[in-house]
There are 2 protein chains.
Amino acid sequence: MKGHGGDIFDAGERLGIPAEELLDFSSNVNSLGPPAQAREILANSLQVVTRYPDIESRKLRRHLSDNLGVPPDRILAGNGSTELIYLLARRFAPRRATTFPPCYLDYWRASELAGAEVTGYVSTDEENFALAESALEMGSETADLVWLCNPNNPSGTLIDRDRIGAAAKTHPDVIFVVDEAFMEFVPDCKERSLIGTPEPNVIVLRSLTKFFALAGLRLGFLCADPEVVRHLASVREPWTVNGLAQAVGEHLYDDQDYISRTRAVVAEEREFLMRELTALGGLHPFPSHANFLLIRLDAPGLTSAGVKRQLLHQRILIRDACNFRGLDSRFFRVAVRVREDNVRLIEALRQALIPAEGQAASGAA
Amino acid sequence: MKGHGGDIFDAGERLGIPAEELLDFSSNVNSLGPPAQAREILANSLQVVTRYPDIESRKLRRHLSDNLGVPPDRILAGNGSTELIYLLARRFAPRRATTFPPCYLDYWRASELAGAEVTGYVSTDEENFALAESALEMGSETADLVWLCNPNNPSGTLIDRDRIGAAAKTHPDVIFVVDEAFMEFVPDCKERSLIGTPEPNVIVLRSLTKFFALAGLRLGFLCADPEVVRHLASVREPWTVNGLAQAVGEHLYDDQDYISRTRAVVAEEREFLMRELTALGGLHPFPSHANFLLIRLDAPGLTSAGVKRQLLHQRILIRDACNFRGLDSRFFRVAVRVREDNVRLIEALRQALIPAEGQAASGAA
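The structure displayed is predicted, hence computed values, not measured ones.

S.K.: Go over the pairing of strand β8 (residues 220–223) of chain A with me, naming the residues and quoting the values.
M.R.: Residue and element names in this part refer to chain A. Judged by which residues are buried, β8 turns out to be covered on both faces: Gly220 and Leu222 on one side and Phe221 and Cys223 on the other are all buried. Two strands pair when backbone bridges link them, and strand β2 (residues 75–78) and β8 are joined in this way by four bridges, in the antiparallel orientation. Residue pairing across strands places Leu76 opposite Leu222, the latter belonging to β8. Examined bridge by bridge, strand β7 (residues 202–207) and β8 share four bridges and lie antiparallel to one another. By the bridge assignment for β8, Val204 is matched with Cys223.

Given below as structure tokens:
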């Protein structure tokens, strides 16, 4: 399966080096690594991996409930939120689905695999990828299921939750799936999230693998009406969530200091990257509320694929964003990592931009 | 989701004790635990859990290929073989499916969820649950997809692979899915397995979590025609196999001594259990080729649910097999574990059988 970009294994194979040797700016995983509790559980995981996982993820759901203020019967855990995206598409089997590109590719794919006709209402770089009122209204009117991502991947834009709530109220027969995979990175996420919304036609997706740096473990969940949760649980395959993801997941919110430290580092480093990237010239990073930046190349003669290739020689992997609907070969996305990594990225980009300027200058001559 | 039995979390909650304190005879996981390589990887898993898994499980497939003699393009890895069972049912979407109960419940459930009409050709205890020629022939004639389990769970019976091969040849338009989840426990499994069969309508499922004691990690794979593998890979969700399962999976066949030791222990302990259980009186264990025994209670007045309840007081969990189609409240299943555990089981069963004899005697009086 291709199209997900940010594939260190693919890049490693092509370069003939171990994937571990790449500095990965292509995947949006917390570069602080997982919290201490998670590390400890992993180091002592023998019993957990030997026995079957709890099909119902009971302890995990209780932990999430205690920390997020959502009752356990409104929570369904998944093998990453990706499992839940495909499960939702299959079970609601919409005839028409709406997405708002540029956005995560799997909304489109999951909907199409489930037999839906998918329409994309594209946001543009001229508007900083803000979601237009007319797009939200038209997209809600014409579909049975609407996919929203908040904050949005790859643009980092945040949608006011009241706008989504209002649309859901106006269209009670439409399912609104709000993917909050990166919401935990937003400092005032409690006030921004729809996780506690009572609207029965709103389903909120959360990933636990980005913020808590556990992409390899696969863990996500959804919050929805208890009726919806019961139905989904009754029609999906057993044991999708592995035991280690559960065991680690049961302690993810124990360390509140890790959570606030992560948010602070991301905010500070995102600002640092914005400033430094802008200062390089030839790059336009868009304002973001998440732990990544979408960047437009404004240097003539350069493409995102070319820049990606150049950075790979320095063992840095970025996400070529040209295959996102609504974007083109000028766009790429980088994660916000720790300072040392970010400095390496900026230096590498500086190198990558030099020939373009030379070329542009000679072209203008 | 209920019906899978052997749920230590459920049993633990009901007893009000931690699940870890139960001696689990209900799940068929190798009681020697995972091999040393797996333990080491788990203890040093930080990098593996932080990054995304390889969507294509490349290294894992190469490792399986090297050790099982199947080309990598015939292998598709899954989040346990259960993911693959549901994926196969969905993608082949049979109008009619055949199962041979008593068998793993999810063939039936996955087929029904995919819209199939399912027929079960029941094998009986009088025939030691041997698969009748007429059942295989009728089941193949009337279905688009046939589910076989070899050796069969819960009966432990082994089907001659040539019988399956012949049926597949006779019915080239029917898909034969052969679940070999427990095949690795069979000493001459290379000669028994259909893993290398060239028949394009045969798909072989393998679990890596039973033999290698990794039920909590979730890992399985299927072997099929490269065309089938490519199609399945192109329509399923990304990242179903977690990174730790991959990393551990890439070394599962490194230690051949562990593999032969496991087979030897299982053979010896299965024989020990057969002998001791038979000697108890009131129990009829059926001959098995796998790491579990199906047992019929021949003690009047006792039910599998009652025996399960009594054993739980001694913190031993067995699998009440009454909810398998073709079985009834006289049947339960136990894993073959290490000697110390097996001795505890026999003693507990001895206790559980005493009142029944007393009761039967007084009933006869």
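So much for the structure itself; the text now carries on.
S.K.: Describe the packing of helix α5 (residues 80–92) of chain A against helix α10 (residues 226–235) of chain A, naming the residues involved and giving the relevant values.
M.R.: Residue and element names in this part refer to chain A. Contact pair α5 / α10: the axes reach a minimum separation of 11 Å and the direction vectors enclose 95°. In terms of their interaxial angle, α5 and α10 are classed as roughly perpendicular. Between α5, through Leu87, Leu88, Arg91 and Phe92, and α10, the contact on the second element is made entirely by Val228, His231, Leu232 and Val235. Here the residues of the contact of α5 with α10 are counted per class, giving six nonpolar, one polar and one charged.

S.K.: Break down the packing of helix α5 (residues 80–92) of chain B against helix α6 (residues 105–113) of chain B for me, citing the residues and quoting the values.
M.R.: Residue and element names in this part refer to chain B. Close contact between α5 and α6 brings their axes to 8 Å; oriented N to C, the two are set at 35°. Every pair of crossing elements has a handedness; the one defined by α5 and α6 is right-handed. Where α5 abuts α6, its residues Thr82, Ile85, Tyr86 and Ala89 lie against Asp106, Tyr107, Arg109, Ala110, Ser111 and Leu113. Of the residues contributing to the contact of α5 with α6, the split by class is six nonpolar, two polar and two charged.

S.K.: Which residues make up the pairing of strand β6 (residues 175–179) of chain A, and what are the values?
M.R.: All names here are of chain A. In terms of residue burial, β6 counts as a mostly covered element, since five of its five residues are buried. Here strand β5 (residues 145–149) runs beside β6; their pairing, made up of five bridges, is parallel. Across the sheet, the residue bridging to Leu148 is Val178, located in β6. The handedness of the β5 to β6 crossover, carried by helix α8 (residues 161–170), is right-handed. Here four bridges tie β6 to β7, and the two strands are oriented parallel to one another. Residue Val178 lies in a different strand from β7, and its bridge partner there is Val204.

S.K.: Provide a residue-level description of the side chain of Thr240(B), including the pertinent values.
M.R.: With respect to the element layout, Thr240(B) can be found in the loop between α10 (226–235) and α11 (243–249). You can call Thr240(B) buried: its relative accessible area is 6%. Excluding residues within four positions of it along the chain, Thr240(B) makes contact with Asn79(A), Asn79(B) and Glu83(B).

S.K.: Could you give an account of helix α12 (residues 256–280) of chain A, with specific residues and numbers?
M.R.: All names here are of chain A. Between the first and last C-alpha of α12 there are 36 Å, a value that for 25 residues agrees with the 36 Å anticipated at 1.5 Å per step. Within the sequence span of α12, burial applies to Tyr258, Ile259, Thr262, Arg263, Val266, Glu269, Arg270, Phe272, Leu273, Leu277 and Leu280. Two or three places before Asp257, at the start of α12, stands the capping residue Asp255, its side-chain oxygen 3.1 Å from that residue's backbone nitrogen.

Calculation criteria
All residue numbers here refer to positions counted from 1 along the written sequence of the relevant chain. In the order they appear in the text, chains get letters beginning with A and ligands get numbers beginning with 1. Residues qualify for local features only when their pLDDT is at least 70, as the model is predicted, and side-chain atom pairs are given and counted only at 80 or more; totals for whole chains, interfaces and linings, by contrast, use all residues. Excluded from the side-chain calculations are hydrogens and water; all other atoms, namely the structure's heavy atoms, are used. We call a residue buried when its accessible area falls under 20% of the maximum for its residue type, exposed when it is over 50%, and partly exposed in between, using a 1.4 Å probe and counting protein chains only. The helix count covers DSSP runs of H or I at least four residues long, the strand count covers runs of E at least two residues long, and both are numbered beginning at the N terminus. When DSSP finds two or more bridges between two strands, those strands count as paired. To get an axis, fit a line to the C-alpha atoms, keeping to the stretch in contact for a helix; angles then go from 0 to 180 degrees between the N-to-C directions. When describing relative orientation, an angle under 35 degrees is termed roughly parallel and one over 145 degrees roughly antiparallel, while 65 to 115 degrees is termed roughly perpendicular and anything else oblique. Residue contacts are defined here by distance: any two heavy atoms, one from each residue, within 4.5 Å place the two residues in contact. When residues are sorted by character, Ala, Val, Leu, Ile, Met, Phe, Trp, Tyr, Cys and Pro go into the nonpolar class, Asp, Glu, Lys and Arg into the charged class, and all the rest, Gly among them, into the polar class. Should the near helix be turned anticlockwise from the far one by less than a right angle, the crossing is left-handed, and should it be turned clockwise, the crossing is right-handed. The crossover handedness rule: strands pointing away from the viewer, path from first strand over the helix to second strand clockwise, crossover right-handed. The span one expects for a helix is its residue count, reduced by one, times 1.5 Å. Any pair of N or O atoms that falls within 3.5 Å is considered a polar contact. Within protein, one atom must be able to donate a hydrogen and the other to accept it, and sequence-neighbouring residues count only if both atoms are side-chain atoms.

Coordinates in, geometry out; function isn't part of it.
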